[in-house]
Every structure is written in structure tokens, then in C-alpha cells.
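Chain residues, written in single-letter form:
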Amino acid sequence: MSVKPEAMIQSKLPNVGTTIFTTMSQLAAQSGAINLSQGFPDFDGPQALREAVGRHVMAGHNQYAPMTGLPALREQVAAKIARSYGRQVDMDSEVTITPGATEAIFCAVQALVRPGDEVIVLDPCYDSYEPSVELAGGRCVHVPLALPDFSIDWQRLADAVGPRTRLIMLNSPHNPSGALISRAELDQLAALIRGFDIYLIADEVYEHLVYDGVCHASVLAHEELYARAYVVSSFGKTYHVTGWKTGYVVAPPLLSAELRKAHQFVTFCGITPLQWALADYMAAYPEHVDELPAFYQAKRDLFCDRLAESRFTFTRAAGTYFQLADYSAIRPDLDDVAMAEWLTREHGVACIPISVFYQQPPADLRLVRFCFAKREETLRQAADRLYGV
Ligand SMILES: Cc1ncc(COP(=O)(O)O)c(C=O)c1O
């Protein structure tokens, strides 16, 4: 008797299909639309950084890096954390370089989550969290953020915490809304989970993309929360090189040791010449991260100043390189997936519907997400097209 392979496989991730990012980027390419959907810059990272990769490849830095990451890069990460957040972390026992923030999140989840554990995620949330939890045998408990400002709904969060809660996933600055978690909210979270055996993953990949003079409230600067946290970041976002898929995770020594057990057998190490190049660049240009807020705020404002004259309504993003826009005044008849497709096909601007970041999207959600990590002419052209909608 022959058995069909699909009957034998019994997928462990039956709900995972092609992501909306792939779908919208394909539609953008087919329609010749300006692609403001997927979150990546349409400009290159710093020239000195790119040149350093070539130099290190030619210098023979092409074999495995240490499992925890190149010491020179971990040293730069520790120095940056001291400068930005006033925390002295130990580069050997607390900093791990990973092939992307996604791998760091995956390994942190594998380190902590046991079969039957619950993980609280705040919707809308980044799409890698749930599959990572499911592969570890855990279950996500989805708590929606409060609209319209995507703040934490403290009552709903408190109600979701229970004896099986193992982990809470935080993301600030928040994709897709751009909202920030404040220091006072971190204090409130610390009070909520005090006395429970609950850990945190703080996804802070947009840590340096915070605008209007506001400071990012990092879990790294919060003594009590850091003691039970993995704090994740991404060189891809900070240095405009998302394709390098290089990130890092910072955690107290015992948590780092557990994460490294997983990381060792998922990828073992990050890419060697990229780590060398990043270490050189961070040492030579420590001011890069301080210049990022003004760099991206100018892009946000260029896009938003023009969009303000259109029929879209919005509040300017406080962080990240994403801008949400409400289209209720334009096509209230369309749900956000249909709206994103319509905008791409009919008006030549691709965006992301935000319902895909929810387990249960609010019924009347009329928001789409535009990525403003683009050159000025791309943003001008896109905003002109949206003005005409
Ligand atoms: C919230 C969030 N977390 C993690 C990542 C993944 O970062 P990386 O490309 O370094 O894996 C992204 C990328 O879009 C993101 O938006």
C-alpha cells in the first residue's frame, strides 16, 4: 500500500504558509508598484562597513567564528550598551552574536519553553514568535494591545498571566505600530510578574529608531527585568544591512548559557567576515547609532508631511521605520488585505495589512503599514501616489 507523503508528514506548523511579506513583494513586482511593504532599506549600508567585509574576506577571515561570537564584536556590543543604557555587561558570559535577531528569538524560546508552557504575546506581533513557541511545544496566549495607540492593556495582560505562563514577549519600538513602551510601563510589568517564575524576551531590534527626542526605555536599563530577560537586537536594522542577518542577544549568564545550548546546534555561529566588519565599523564610528534617530525621522517626516495632505489619517510613528495609516475615509468597504492589494494594483504603492499580525484582528481595523526606510525620491514618489488615492 502506498502512503502519500503529505499524509505521513503531519505538519508541526500546520498554520504556517507563505508570509504576507513575500506575497506583497511579489504583487509589488508584478504590478510595478513602489514597494513600501517589506521592512528593508532601498539604500545601502555605510560604505566603510561594506568595504570592511571585502577586506576581511581577502584577509582570510572565512572560517567558523567562535560559537558565542567574535570577541572584538562582543566587546563593541558591550561598549555600546554601557554608552546607551549605562549597564556594564560581561561580553563573555552575557553577549551572544547570532545569525539575525530571529535566530536569537528562536533559541531563547527553545531555551525556556517546555511542552505545555504558555507564552504571552501582545498582538499585533512579529510573525516568528508563534512558530518558535509551537516548535518548543508551548502555546501562545494572545493579548491584544489597546487601540488606538497600541499601548499595553494592563487588565487583559494581568488576566492572561497564570500558573502555566513561562514567558512574555515584549517588542519596543513596536512593529508594526511604531509604539514605544515607557520606563513607567516597564516598572508596571516588573510589579505584575514579581514573585512569578516568568521570563521575558525583549525584542528591541529597532532600539535606535526612536524619534522626537524620546529615549528608548530598554530592558537593559531595568535592573529587575533584566535579571529575567533576553534582550535581542539586530545589526541588520541598525546598519541598514538586513540581508546580513546578523544580530545579538544579551542576557544574564545563566540565561545566556541555556540559550547557547540551543544556538550551538541551530547554527553554531554567525558569519565570520560580517562580524569582523561590524566590529571594525562600530569601533571607528560609535556615533552611528546616535545619528540614526535624526536620519530616519527626516524620512518619516518627508513621507508624513505629504501624506498629511491626503485622505489617509495617522499619528506619526514614535519609533521603528514603519508608519501606520488609517484609510477609513477612502475605502471603508475594504478589509486591510483587500486594501493593500488594491493600493498595490491600482495606485502603485505596496504596503502591509496589519491584520496579519493578529490572531484575532479587530473587526473594524482599517490600517495599513508603510515602510519609510527608503530613499527620498522613493518616499516622495510613493507619497505623491498616495495623495492621489
Ligand atoms: C520586531 C522584529 N523582530 C525581529 C526581526 C528580525 O530581525 P533579523 O532580520 O535580524 O532576524 C524583525 C525584522 O523585521 C522585526 O521587525
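An unreviewed UniProt entry annotates the chain as Methionine aminotransferase of Azomonas macrocytogenes. The heading Cofactor (unreviewed entry) in the UniProt record of the chain holds the text "pyridoxal 5'-phosphate". As its UniProt record puts it under Sequence similarities (unreviewed entry), the chain is described as follows: "Belongs to the class-I pyridoxal-phosphate-dependent aminotransferase family."

**Q** Let's hear about the site of the ligand: which residues, and what values?
**A** The environment of the ligand is formed by 14 residues, the closest being G100, A101, T102, N175 and S234. Among the residues making up the shell around the ligand, the classes are represented as three nonpolar, nine polar and two charged.

**Q** Give me the lowdown on the packing of helix α5 (residues 101-112) against helix α11 (residues 253-266), citing residues and values where you can.
**A** Viewed as axis vectors pointing N to C, α5 and α11 meet at an angle of 120°, and their least axial separation amounts to 8 Å. When the axis of α5 is compared with that of α11, the two are oblique. In the crossing of α5 with α11, the sense of the turn from one axis to the other is right-handed. Every residue of α11 that contacts α5 at E103, F106, C107, A108, Q110 and A111 is listed here: E258, L259, K261, A262, H263 and V266. Residues that form the contact of α5 with α11 fall into these classes: seven nonpolar, two polar and three charged.

**Q** Got a sec to walk through the sheet that holds strand β11 (residues 352-353)? Specific residues and values, please.
**A** Read from one edge to the other, the open sheet built from three strands follows the order β9-β12-β11, with strand pairing classed as antiparallel. A single partner strand is all that each edge strand has here, and the edge strands are β9 (322-326) and β11. As paired strands, β9 and strand β12 (residues 367-371) are joined by five bridges and run antiparallel to one another. Within β12, the residue paired with Q323 across the bridge is F370.

**Q** Give a description of the domain arrangement of the chain that names residues and reports values.
**A** Note: interface size is frequently given as the accessible area lost on complex formation between the parts. Looking at the assigned domains, one finds that the chain contains domain 1 (5-45 + 288-387) and domain 2 (50-284). In this structure, domain 1 and domain 2 have C-alpha centres spaced 24 Å apart. The partner domain 2 presents 32 residues to the 31 residues of domain 1 that form the contact. It is helix α13 (residues 288-307) that contributes the most residues to the side of domain 1 that touches domain 2, six residues altogether. Across the side of domain 1 that touches domain 2, the residue classes tally to 19 nonpolar, eight polar and four charged.

**Q** Please set out unusual backbone geometry residue by residue, giving values where relevant.
**A** The amide bond that connects D123 to the next residue, P124, takes the cis arrangement and shows omega of 5°. Turning to its location among the elements, P124 is positioned in the loop between β3 (118-123) and α6 (129-135). Between S172 and P173 the backbone carries a cis peptide bond, its omega angle lying at -10°. Topologically, P173 is positioned in the loop between β5 (165-171) and α8 (183-193). A positive phi angle, near 40°, is found at K245, a position not held by glycine. Within the secondary structure, K245 sits in the loop between α10 (235-238) and β8 (247-250).

**Q** An account of the packing of helix α2 (residues 20-31) against helix α14 (residues 336-347) is needed here, citing residue identities and associated values.
**A** Contact geometry of α2 with α14 gives a least axis separation of 9 Å together with a crossing angle of 25°. The angle between α2 and α14 places the two elements in the roughly parallel class. In this structure, α2 meets α14 at a crossing whose hand is right-handed. Touching M24, L27, A28 and S31 of α2 are A340, E341, T344 and R345, all from α14. Taken together, the residues that form the contact of α2 with α14 break down as four nonpolar, two polar and two charged.

**Q** Account for the UniProt feature "domain: Aminotransferase class I/classII large" (unreviewed entry) in the chain, naming residues and giving values.
**A** The UniProt record marks residues 34-386 with the feature "domain: Aminotransferase class I/classII large" (unreviewed entry), using the residue numbering of this structure. Span residues 34-386 is 40% helix and 15% strand, its end C-alpha atoms 11 Å apart.

**Q** Give a description of the sheet that holds strand β4 (residues 139-144) that names residues and reports values.
**A** Think of a sheet as strands paired side by side through backbone hydrogen bonds, with each pair either parallel or antiparallel. Read across the open sheet, the seven strands follow the order β2-β8-β7-β6-β5-β3-β4; overall the sheet is mixed. Single-partner strands in this sheet number two, and they are β2 (95-98) and β4. Averaged over all pairs of adjacent strands, the angle between strand axes in this sheet comes to 20°, irrespective of strand direction. Of the strands in this sheet, β2, β5, β6 (199-203), β7 (229-234) and β8 are in contact with α5, which crosses β7 at around 165°.

**Q** Could you give me a rundown of the pairing of β6, with the residues and numbers involved?
**A** Burial analysis of β6 places five of its five residues in the buried class, the great majority of the element. Side-chain alternation along β6 places Y199, I201 and D203 on one buried face and L200 and A202 on a second face that is also buried. Inspection of the sheet shows β5 paired to β6 by five bridges, in the parallel sense. For N171, the partnering residue across the bridge sits in β6 and is D203. Chirality of the crossover, the property in question, places the unit of β5, α8 and β6 among those that are right-handed. As judged from the four bridges shared by β6 and β7, these two strands associate in the parallel manner. Bridging across to β7, D203 finds its partner in V232.

Quick notes on the rules
- Residues numbered from 1 in each chain as written.
- Predicted model: local features only at pLDDT ≥ 70, side-chain atom pairs only at ≥ 80, totals over all residues.
- UniProt positions renumbered as here; feature names shortened; annotations may be inferred.
- Near = placed C-beta within 6 Å.
- Nonpolar A, V, L, I, M, F, W, Y, C, P; charged D, E, K, R; others polar.
- Axes fitted to C-alpha atoms, helices over the stretch in contact; angles between N-to-C directions.
- Helix = DSSP H or I, 4+ residues; strand = E, 2+ residues; numbered from the N terminus.
- Parallel < 35°, antiparallel > 145°, perpendicular 65-115°, else oblique.
- Left-handed = near helix turned anticlockwise from the far one by under 90°.
- Contact = placed C-beta atoms within 7 Å.
- Pairing = 2+ DSSP bridges.
- Domains from an automatic or database assignment.
- Buried ≥ 20, exposed ≤ 12 C-beta atoms within 10 Å, placed from the backbone.
- Right-handed = clockwise from strand over helix to strand, strands pointing away.

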